[in-house]
Structures are given as C-alpha cells and as structure tokens.
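For reference, the chains in residue letters:
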Amino acid sequence: MTSPETGLVPVVHTVADLRAQVSAWKSEGLRVGLVPTMGALHHGHLSLVDAIAGHVDRVVVSIFVNPTQFGEGEDLDKYPRQMEADRKALSDTPASLIFAPTVEEMYPGGFASTVSVKGVTEGFEGALRPGHFDGVATIVTKLLMQCGPDVAIFGEKDYQQLAVIRRFVADLDIPVEILGGALIREPDGLAASSRNAYLSEDERRVAGRFNVILKDLVTAVEAGKDLRTAEAEAGKKLIEAGFDTVDYVSIVDPDSLAPLESHDRAARVLAVARLGGVRLLDNMAIGAP
Ligand code: PAF
C-alpha cells in the first residue's frame, strides 16, 4: 500500500509508531503479517511479502541490520544498506508499512536480555558462529512483541534459523503463526542471498555449481547411496568446482536437524561452502524412502 504522494511504502522508525499503526489496523478487524529482514532486498524477500499477503490484510516489512547476530570479524560493517532502493522494491509488492528502527531504538542503553535456544542451535551455524542464534532469537522476539503480528514469515534458505524461530515461538507461547517461505533461486539455481552481491564475476560462476552438486547428492541418496559417502562426495565436488572450503554438507532430520545415520525418512541436506570470503548457504529436501 503505497502513499499517493510518493508512490512509496510509508516508513516508521519507532516502536510507538509501529504499534499505533498495527493497533489501528487490528481495531478495524484486519489481520497483520510481519516479514523481518535486514534489507538489501532481493526477489527472495519479495517472494516472502507476496506469500504472506495471501494470509493477512496488511503486511509490515521490518528492515534492521541486527548487530547482535554478527560475530567478530563478520560483515556487519560492509553488510549492504540501501533503504531507498529497498523502499522502491517494496512499492510493487503488497507491503503496507516498513519498520526501520535505529540500533538505539532496538537496543537502548541498559539493554541486558538475551533469548537463548538450546538443542536445534547447537550444530551447523550455531557451532560455527557462536552467539549468532542468540542474536537472531533476541531480535526476532523483540520484533514479534513490538509488532504483534498474526503471522510472520521466514525464508527456508536459512533453514536452521527457521527451526530455531519455530522452537522459541512454541516454547515462549508467542501468539503468532510462523510460515516458512520457499527458497528462491537465481536462474542458474544459486540460492538468492544479499551476500551474493559480494561475489566477483568468476566467483559468481563457480557459485552456480553449488545447487547442481546438492541436487546430485539428493538424487544419489534417493537412489540408495550411503549418507556419509554422499556427503563426502558432495564436499569433494564443491572443492573441485572452485569453492575455497566447505563448512559442512550434512543430511539431517528436517525438524530436529539431528544428523541421520540412514535414509529412513524424509530428510534435508544442509550445506555451507566459502568462496572469496563469502559464506554461501543452501539446503534441499530429500524425499522419504
Ligand atoms: O534472516 C534474516 O534476515 C535475519 O536473520 C532476521 C530474521 C531478519 C533477524 O535479524
């Protein structure tokens, strides 16, 4: 819903203004959806806005580069910030409001609380990026409490993040329905990500091999290949394709994310490989045997 004067989606910067707008909508009986983002919006984010719009009457998109989910030496400072471009991108979507708080609004002086989730955070990104999921769980809890949406949506691209969010929303009885948005891919199959913008032309070509190698793994596992062999072969193929290192290729239970010993149920492959200093994440469903 764009403003008639500017043709752009209105922006609020404070929790008070966000709450005033959401409670006005709720008093009219409207259902509200929230799409949390860190901006640098690409078609993966826009697909989340479209997907949630089918479930609600008004869509809030939050844009906040959350410092507490970045570790030391990560890309907090260079993370792309492009508010005007993001606003323009949202003007062709069903977004009704942008919530773009400052760091001080979200973490005022004296802030001292953390939402911390056990179990599902412990492997993969949680193991490699200490503190990352505490930062995500804390900011997402705050956004849900500030906005009070009926529904919120998160991309399946960050598969472990989605599992963590489902866990604490259930554990903390937060009254919101969580939707998973399908992973959106570029034409060559690379998972859409704001960090793809960091890749050089050559690296971008190599990156396009990631999904092909994972698809081969899925086909091989569904045809009966041993899981550890399939993971090891995919890792080797990624290095041969030009990736610098592979953080993990792991076949896991799709809900608990516990690594599987055998293909005895539907599963998920989670993978992260590094290229030119960029960590690329991908994941795919593996059908039940
Ligand atoms: O997925 C993201 O962009 C972020 O982790 C999120 C959920 C917006 C929290 O900062």
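The preceding data block contains the structure.
*Asks:* Give me the lowdown on the overall build of the protein, citing residues and values where you can.
*Replies:* In terms of regular secondary structure, the protein is built from 10 helices and nine strands. Against the compact-globule benchmark of 19 Å for 289 residues, the protein has a radius of gyration of 19 Å, which places it among compact chains. Structurally, the protein occupies a C-alpha span of about 55 × 40 × 40 Å along its principal axes. Residue burial in the protein is summarised as follows: out of 289 residues, 52% are buried. Relative to all contacts within the protein whose residues are 6 or more apart in sequence, the contacts with residues 24 or more apart total 71%. Total accessible area computed for the protein in this model is approximately 13000 Å², and 52% of it derives from carbon and sulfur atoms. For the protein, the distance from the average site of its 28 positive side-chain charges to the average site of its 41 negative ones is 1 Å.

*Asks:* Could you give an account of the sheet that holds strand S4 (residues 95-99), naming the residues involved and the relevant values?
*Replies:* The strand order across the open sheet formed by six strands is S1-S4-S3-S2-S5-S6, and the pairing between neighbours is parallel. This sheet does not close on itself; its edge strands, each paired only once, are strand S1 (11-12) and strand S6 (177-181). Direction of pairing for strand S3 (residues 58-63) relative to S4: parallel, over a ladder of four bridges. Its bridge partner lying in S4, Val-59 is registered against Ala-95. Contacting S1, strand S2 (32-37), S3 and S4, helix H1 (residues 15-27) runs over the sheet at an angle of about 155° to S4. Against the sheet, helix H2 (residues 43-53) engages S2, S3, S4, strand S5 (151-155) and S6, with an angle of about 150° to S5.

*Asks:* I'd love a proper account of the pattern of salt bridges, names of residues and values included.
*Replies:* Any two side chains of opposite charge can pair, so long as their charged atoms come close to each other. Counted by the stated rule, this structure contains 17 salt bridges. The salt bridge involving Arg-268 is made with Glu-156; its shortest N-O contact spans 3.5 Å. Of this pair, Arg-268 sits in strand S8 (residues 267-275) while Glu-156 sits in the loop between S5 and helix H7 (159-171), placing them 112 residues apart in sequence. It is possible to trace a salt-bridge network through shared partners that takes in Glu-125, Asp-247, Arg-274 and Arg-279.

*Asks:* Just give me the short version of the environment of Lys-157, but keep the residues and values in it.
*Replies:* Mapped onto the elements, Lys-157 comes out in the loop between S5 and H7. On the basis of relative accessible area, Lys-157 is assigned to the buried category, the value being 15%. Expressed as a C-alpha distance, the spacing of Lys-157 and Ser-262, which sit 105 residues apart in the sequence, is 24 Å. Ignoring anything within four residues of it in the chain, the contact list for Lys-157 reads Leu-183, Ala-191, Ala-192, Ser-193, Leu-281 and Asn-283.

*Asks:* Outline the site of the ligand, supporting the account with residue identities and numerical values.
*Replies:* Near the ligand the following residues occur: Pro-36, Thr-37, Met-38, Asn-66, Gln-69, Ile-139, Val-140, Phe-154, Asp-158 and Gln-161. Between the ligand and Gln-69, the relevant distance is 2.6 Å, taken from an oxygen atom to a side-chain nitrogen or oxygen of the residue. Within the side chain of Gln-161, an N or O atom sits 2.7 Å from an oxygen atom of the ligand. Expressed as a share of its isolated accessible area of 290 Å², the protein-covered part of the ligand is 89%. Secondary-structure elements contributing two or more residues to the shell around the ligand are S2 and helix H6 (132-147).

What counts and what doesn't
- Residues numbered from 1 in each chain as written.
- Predicted model: local features only at pLDDT ≥ 70, side-chain atom pairs only at ≥ 80, totals over all residues.
- Heavy atoms only, no water.
- Helix = DSSP H or I, 4+ residues; strand = E, 2+ residues; numbered from the N terminus.
- Rg over C-alpha atoms; globule rule 2.2 N^0.38 Å.
- Buried < 20%, exposed > 50% of the residue type's maximum accessible area, 1.4 Å probe, protein only.
- Contact = heavy atoms within 4.5 Å.
- Areas by Shrake-Rupley, 256 points an atom, 1.4 Å probe, with all protein chains shown as cover.
- Lys, Arg positive; Asp, Glu negative; His and termini not counted.
- Charge placed at Lys NZ, Arg CZ, Asp CG, Glu CD.
- Pairing = 2+ DSSP bridges.
- Axes fitted to C-alpha atoms, helices over the stretch in contact; angles between N-to-C directions.
- Salt bridge = Lys/Arg side-chain N within 4 Å of Asp/Glu carboxyl O.
- Near = heavy atom within 4 Å.
- Polar contact = N/O pair within 3.5 Å; in protein donor to acceptor, adjacent residues only side chain to side chain.

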